[in-house]
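Coordinates in review
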Amino acid sequence: MNNIFTLIDKLKAERTLPKEEYIRLITCTDPDALEYLRQTADTVRKSVYGNTVYIRGLVEFTNYCKNDCLYCGIRRSNTAALRFRLTEEQILDCAEEGYRLGFRTIVLQGGEDPHFTDARLIPIVQTLRNRFPDCAITLSVGERSRKSYEALFAAGANRFLLRHETANACHYAKLHPEELTLANRMRCLRDLRDIGYQVGCGFMVGSPWQTAEHIAEDLLFLGEFKPHMVGIGPFIPHRDTPFRDMAAGTAEDTIKLLSTIRLILPNVLLPATTALGTISPNGRERGILAGANVIMPNLSPSDAREKYMLYNNKLSSGDEAAENLAHLKQSMAAIGYEIVTDRGDYKE
Ligand code: SAH
């Protein structure tokens, strides 16, 4: 009978575990074993990326959304949401400010806003590409056709974030309305990778009805798909969604999974997310200490930040705010990590 320490060594060596062993690791609560997991992940992270932390300037450019994901505060049925959409000029101003602050990756994230057709989004990407030739452009704009992904790539986008949300189709169906399917989500992820994007997938930790078995399936999927980036954060309920009374995910579970993912994918770009910072006051630092190597501060105008409310109490000030980069640098230096001005591409 393997003990958990042996299991952690095995995961580090083989980069995968059978489903039953993933479940044992995920459900482990022994503090010594969890500390060993964290240290092992940190060692692996340092062997690939040293103590550097990459930063991404996040521009939340629209909270209009045609979708109705049951967990999300900007779902179309939420009539209480105050909607906003940045103009091209505002987006470029955000990017300009980000560049000045030292960001070399600009992330455009939004709801699936029908206003941003290819005809409107492509010129924005082209302008960003021309103005900031030394920056990576990351899109997180949801499900689109392969043709659209190709056109955006040709316009100069390099990376795409599209969380798979859960690798289990039954669980997926409980989190989403009928018209959204895991099959189409996966089709999008495959298209994006084939086209040449650096691709990020990921899921919420502690989403309603999620079981250890579901998480094990997520981990098996990550090991097979081998994304360049993985975004995970705790589920946090939003008061104007059907999941308002559901329990939130925990920082502890998220941190455990960050370490596990680092062992499955040693080279992965792994953010300590805003949701982790929201659920725990030192969540970002704990994430970095457990194998994460990316932070995505917010570059959006402050009124937009308040309206881009995916879940309640979402952080957008303090170390979350791009303009407080100096403080974030200090927080990271205090725990032995260094924020760098770098595109921060995936290391093969
Ligand atoms: N429309 C884009 C961007 C979605 S927002 C897309 O579909 O990719 C980015 C991520 O926020 C989502 O993928 C989801 O995993 C996460 N999210 C949404 N609501 C949340 C909540 N209530 N708690 C925690 N994370 C949430």
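As a starting point, this report considers the structure included with it.

The rules we used
Residues numbered from 1 in each chain as written. Predicted model: local features only at pLDDT ≥ 70, side-chain atom pairs only at ≥ 80, totals over all residues. Heavy atoms only, no water. Pairing = 2+ DSSP bridges. Helix = DSSP H or I, 4+ residues; strand = E, 2+ residues; numbered from the N terminus. Axes fitted to C-alpha atoms, helices over the stretch in contact; angles between N-to-C directions. Contact = heavy atoms within 4.5 Å. Salt bridge = Lys/Arg side-chain N within 4 Å of Asp/Glu carboxyl O. Buried < 20%, exposed > 50% of the residue type's maximum accessible area, 1.4 Å probe, protein only. Phe/Tyr/Trp six-rings, centres within 6.5 Å; stacked < 30°, edge-to-face > 60°. Lys NZ or Arg CZ within 6 Å of the ring centre and 35° of its normal. Parallel < 35°, antiparallel > 145°, perpendicular 65-115°, else oblique. Left-handed = near helix turned anticlockwise from the far one by under 90°. Nonpolar A, V, L, I, M, F, W, Y, C, P; charged D, E, K, R; others polar.

Quick notes on the sheet that holds strand β2 (residues 57-62)
Strand order in the open sheet formed by 6 strands is β2-β3-β4-β5-β6-β7, with parallel pairing between adjacent strands. One side of each edge strand has no neighbouring strand; the edge strands of this open sheet are β2 and β7 (229-234). Across this sheet, the average inter-strand angle for adjacent strands is 20°, counted without regard to direction. The sheet contact formed by strand β6 (residues 198-205) and β7 spans 6 bridges and is parallel. Pairing of G200 across the sheet is with M229, part of β7. This element, helix α10 (residues 251-264), spans β6 and β7 of the sheet and lies at about 165° to β7.

Concerning the pattern of salt bridges
Side-chain pairing between opposite charges can occur once the charged atoms of the two side chains come close. Enumeration according to the criterion identifies 25 salt bridges in this entry. Of the charged contacts, one joins D42 and K46 as a salt bridge, the two residues approaching to 3.0 Å between their closest N and O atoms. Pair noted here: D42 and K46 are both in helix α3 (residues 31-49), with a separation of 4 residues, about one helical turn. In this structure, the salt-bridge partner of E179 is R76, at a minimum N-O distance of 3.5 Å. One end of the pair, E179, is in the loop between α7 (169-175) and α8 (182-195); the other, R76, is in the loop between β2 and α4 (88-101), and 103 residues separate them in sequence. Under the relative-accessibility criterion, R76 is labelled partly exposed at 44%. Salt bridges sharing common partners tie together R146, E150, R187, D191 and D194.

Focus: the packing of aromatic side chains
Scanning all chains against the criterion turns up 10 aromatic pairs. Consider the rings of F160 and Y197, whose centres lie 5.7 Å apart with planes at 85°: the pair is edge-to-face. Within this pair, whereas F160 is found in strand β5 (residues 159-161), its partner Y197 is found in the loop between α8 and β6, the two being separated by 37 residues in sequence. Side by side, F160 and Y197 carry an identical accessibility label, which is buried. Through a chain of ring-to-ring contacts, three or more aromatic side chains come together here, namely Y149, F153, F160 and Y197. For the cation-ring pair, R104 lies above Y99, with the distance from its terminal atom to the ring centre recorded as 3.6 Å.

Side note on the packing of helix α1 (residues 4-14) against helix α2 (residues 19-26)
For the pair α1 and α2, the least separation of the axes is 11 Å and the interaxial angle reads 120°. By the criterion of interaxial angle, the relationship of α1 to α2 is oblique. Taken as a pair, α1 and α2 cross one another with a handedness that is left-handed. On the side of α1, the interface is formed by I4, L7, I8, K10 and L11, while α2 contributes E21, Y22, R24 and L25. For the contact of α1 with α2, the residue count by class is 6 nonpolar, no polar and 3 charged.

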